[in-house]
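Now for the letters of each chain:
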Amino acid sequence: MLQTIIVAIIVAIICAVAFFFVGYQYRKNEAEKEIGSAEQEATRILNEAIKDAESKKREALVEAREEIHKERSTYEQEVKERRAELTKQERRLQSKEETLDRKTDAIERKDEKLQNRLAAAERTREEIEQIKASQQETLERISGLTAEDAKAYLIHQVEDDVTHEEAVKIKEVKAKFKDEAETYAREAISLAIQRCAADQVAEVAVSVVPLPNDEMKGRIIGREGRNIRTLETLTGAELIIDDTPEAITISCFDPVRREITRIALERLIADGRIHPARIEEMVEKAKREVESVIKAEGERAVFETNIHGIHPELVKLLGRMHYRTSYGQNVLSHSIEVSHLAGLLAAELGADVATAKRAGLLHDIGKSVDHEIEGSHVQIGVDLARRYKENEYVVHAIAAHHNDVEPQTIVACLVQAADAISAARPGARRENVESYVKRLEKLEEITSSFKGVSKAYAIQAGREVRVMIKPEDVSEDQMTILARDIAKKIEDELEYPGQIKVHLIREVTAVEYAK
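Below is a short write-up of the structure. Each residue is numbered by its place in its chain's sequence as written, counting from 1. This being a predicted model, a pLDDT of at least 70 is required before a residue's local features are given, and a value of 80 or more before pairs of side-chain atoms are given or counted; all residues contribute to the totals for chains, interfaces and linings. Calculation of side-chain values draws on the structure's entire complement of heavy atoms; hydrogens and water are dropped beforehand.

### Here's the deal with the packing of helix α8 (residues 331–349) against helix α9 (residues 353–362)
Point 1. At their nearest, the axes of α8 and α9 sit 7 Å apart, and the two run at 155° to each other. Judged by the angle between their axes, α8 and α9 are roughly antiparallel. Our pair here, α8 against α9, has a crossing hand that is right-handed. On the side of α8, the interface is formed by Ser-335, Ile-336, Val-338, Ser-339, Ala-342, Gly-343, Ala-346 and Ala-347, while α9 contributes Val-353, Ala-356, Lys-357, Gly-360 and Leu-361.
Point 2. Partitioned by chemical class, the residues of the contact of α8 with α9 number eight nonpolar, four polar and one charged. Comment: axis = line fitted to C-alpha atoms, over the contacting stretch for helices; angle = value between 0 and 180 degrees taken between N-to-C directions. Under the DSSP-based scheme used, a helix requires at least four consecutive residues in state H or I and a strand at least two consecutive residues in state E, with every element numbered from the N terminus. The labels follow the angle: roughly parallel below 35 degrees, roughly antiparallel above 145, roughly perpendicular from 65 to 115, and oblique for the rest. Each crossing gets its handedness from the near helix: less than a right angle anticlockwise from the far helix is left-handed, clockwise is right-handed. Working rule for contacts: check all heavy atoms of both residues, and any pair within 4.5 Å makes them a contact. Classification used: nonpolar for Ala, Val, Leu, Ile, Met, Phe, Trp, Tyr, Cys and Pro, charged for Asp, Glu, Lys and Arg, polar for all others including Gly.

Quick look at the structure:
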């Protein structure tokens with residue numbers, strides 16, 4: 001049984017080997033057939049590719065030959081054109097060269113002539129120098145001075161003569177004007193100043209309202225600030241509540257609003273009932289009171305100056321100036337003062353007194369509303385005067401009182417003078433300490449900038465400058481000229497009220513020691 005199984009296995013193995021061999025041989029024959037077919041196809045494709053390549057090669061050669069022929073034709077044409085252009089330029093350059101040769105020849109001929117003339121001029125100059133030297137030697141021998149000594153002597157003599165004559169002439173003119181004008185000017189100005197009176201107030205932009213106690217500050221502020229906001233909204237002023245004991249500061253550039261706020265706040269404090277409705281009521285009462293005061297002050301100004309026919313609106317605007325100040329000077333009082341001064345000066349000169357007083361009263365009318373209308377107070381005043389039918393003499397005086405336009409009438413000149421007198425009167429105005437100190441420093445700086453000045457001191461609150469002169473640099477005659485020059489420079493470069501006296505001191509001292 002075992003042998004039978006082994007034989008079966010062997011037979012199976014032999015059969016498998018036989019089948020494998022037969023299959024292998026079959027696949028080998030098939031593969032050889034496919035390979036032969038592929039070789040034939042490859043040979044065919046290669047032959048076709050060779051034919052295509054040769055065909056394209058022939059076409060490329062033909063195209064290359066055509067392109068070369070075309071490029072050669074273009075190149076030959078360009079070469080031909082360039083040769084023609086070069087030939088043309090060569091002919092042009094040859095023509096220019098011939099022209100330049102001709103010009104060069106002409107220049108050489110002119111240069112030769114010029115050299116000859118220069119040589120002749122040089123010979124003439126040498127002859128002139130010889131003659132001049134001979135004459136100079138003769139003059140020096142006769143005078144006993146060299147040319148430089150004679151020149152210095154003549155210049156010194158002429159300078160001394162001119163300086164002396166100029167100083168004498170200046171002194172004569174000053175003395176003449178002083179004799180004729182000083183007495184009359186003093187009388188007219190002193191009379192005008194004596195007959196006018198002006199109350200002075202401090203220039204401030206704030207008002208201080210006293211409080212009975214510090215608890216009142218809280219009541220004025222109100223719950224969540226409603227009371228103070230209501231008051232500020234109704235009046236347009238600002239209330240400053242700080243650590244200042246028992247006081248509240250009202251700040252506003254409009255003096256009328258500030259006054260309304262002050263009156264309303266004082267009445268609210270006195271009443272004790274402070275709430276929005278009561279604040280509104282008090283503000284209305286304060287406005288009516290201030291309007292009444294404005295009207296009364298305007299009428300007072302018109303009555304004091306004895307001017308008639310002024311428009312009622314201008315009278316109200318005059319009254320508003322009662323609450324306006326300029327450099328510490330009340331503008332309404334200043335306007336009344338200028339009106340009186342202009343009238344007095346006009347009377348002394350025989351001019352129209354009524355027109356001068358009217359123009360003087362209205363010259364600063366623009367300041368009454370310059371917080372509300374844009375522009376300078378001069379332009380605002382001119383517009384107001386024309387709107388309310390003032391005559392052209394008054395309008396022109398208003399326009400010219402700060403030299404915005406050139407004064408054309410005697411009334412305009414008188415208003416200018418009266419305005420300057422009122423502002424420059426001692427005590428009329430006060431100025432900021434810082435600007436005052438700067439003005440004094442500038443005054444000393446201007447004075448010290450002149451040659452020959454040793455030291456300069458501003459005294460009499462800037463009304464006089466005392467100048468110490470170096471005697472070796474400035475003579476007595478030159479002092480008069482120097483004083484005039486210093487005064488002229490101060491007028492040109494410095495702004496100041498009134499006038500400044502320039503006082504020069506020249507001191508010659510001799511010191512010796514006994515041993």
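### Describing unusual backbone geometry
Point 1. One non-glycine residue, Glu-224, adopts positive backbone phi at about 55°.
Point 2. The rule is simple: take the accessible area with a 1.4 Å probe, protein chains only, and divide by the maximum for that residue type; under 20% is buried, over 50% is exposed, in between is partly exposed. Its relative accessible area of 72% is what places Glu-224 among the exposed residues.
Point 3. Backbone geometry places Lys-389, a non-glycine residue, at a positive phi of 65°.
Point 4. Here Lys-389 is to be found in the loop between α10 (377–387) and α11 (392–400).

### Details of the nonpolar core
Point 1. By nonpolar core we mean a set of buried residues, namely Ala, Val, Leu, Ile, Met, Phe, Trp, Tyr and Cys, connected to one another through side-chain atoms within 4.5 Å. In this structure, Ile-310, Leu-314, Leu-318, Leu-361, Leu-362, Ile-365 and Leu-384 are the most contacted members of the largest nonpolar core, which totals 31 residues.
Point 2. Of all the secondary structure elements, the ones that give two or more residues to this core are α6 (276–305), α7 (312–320), α8, α9, α10, α11 and α12 (410–424).
Point 3. Considering every element that reaches this core, the biggest residue donor is α11, with six residues.
Point 4. Not counting residues within four places of it along the chain, the set of residues in contact with Leu-384 comprises Leu-314, Leu-317, Ile-365 and Val-369.
Point 5. Counting residues in hydrophobic clusters, the runner-up holds 26 residues, among them Met-216, Leu-231, Ala-264 and Leu-265.

### A short note on a negative patch on the surface
Point 1. Note that patches include only residues with greater than 30% relative accessible area and no salt bridge, and the join distances are 9 Å for like charges and 5 Å for nonpolar side chains (Val, Leu, Ile, Met, Phe, Trp, Tyr). For the accessible areas, the method is Shrake-Rupley and the probe is 1.4 Å, while residue cover comes only from the protein chains on display. Here, a salt bridge means any Lys or Arg side-chain nitrogen found within 4 Å of an Asp or Glu carboxyl oxygen. Under the counting rule used here, the positive set is Lys and Arg, the negative set is Asp and Glu, and His together with the chain ends is not counted. A charged residue contributes its charge at one atom only: NZ of Lys, CZ of Arg, CG of Asp or CD of Glu. On the surface, a cluster of negative charge is made up of Glu-59, Glu-63, Glu-66, Glu-67, Glu-71, Glu-78 and Glu-81.
Point 2. Position of Glu-71 among the secondary structure elements: in helix α1 (residues 2–143).

### Overview of α8
Point 1. Helix length check: α8 (19 residues) gives 26 Å between terminal C-alpha atoms against 27 Å at 1.5 Å per residue, within 8%.
Point 2. With respect to burial, α8 is a largely interior element, 15 of its 19 residues being buried.
Point 3. The positive-phi residue at the C-terminal boundary of α8 is Gly-350, with phi of around 80°. To estimate how far a helix should extend, the number of its residues minus one is multiplied by 1.5 Å.

### Side note on the sheet that holds strand β8 (residues 501–506)
Point 1. Read across the sheet, three strands follow the order β6-β7-β8 without closing on themselves; strand pairing throughout is mixed. Two strands close off the open sheet at either side, each with one partner strand: β6 (453–459) and β8. On average, adjacent strands in this sheet sit at an angle of 20° to one another, irrespective of strand direction.
Point 2. For two strands to pair, DSSP has to find at least two bridges joining them. Two strands pair when backbone bridges link them, and β6 and strand β7 (residues 464–469) are joined in this way by six bridges, in the antiparallel orientation.

### Re a positive patch on the surface
Point 1. A surface patch of positive charge is lined by Lys-88, Arg-91, Arg-92 and Lys-96.
Point 2. By the secondary structure assignment, Arg-92 is in helix α1.
Point 3. When its relative accessible area of 41% is taken as the criterion, Arg-92 is described as partly exposed.

### Points about empty space enclosed by the protein
Summary: where empty space remains is shown by rolling a probe the size of a single water molecule over the atoms.
Point 1. Here a cavity is any set of points on a 1 Å grid over the protein atoms alone where a 1.4 Å probe fits but cannot get out, and a pocket is any open set with protein on both sides within 12 Å along at least 5 of 7 lines; a residue lines the site when it has an atom within 4 Å of a point. Grid points are joined across faces, edges and corners, and a volume is the space filled by probe spheres set on the points. Within the structure shown, the criterion is met by one cavity of 30 Å³ or more.
Point 2. Estimated volume of the largest cavity: approximately 30 Å³.
Point 3. Lining the largest cavity are Asp-254, Pro-255, Val-256, Arg-320, Arg-324, Lys-367, Ser-368 and His-371.
Point 4. When the residues that make up the lining of the largest cavity are grouped by side-chain class, the tally is two nonpolar, two polar and four charged.

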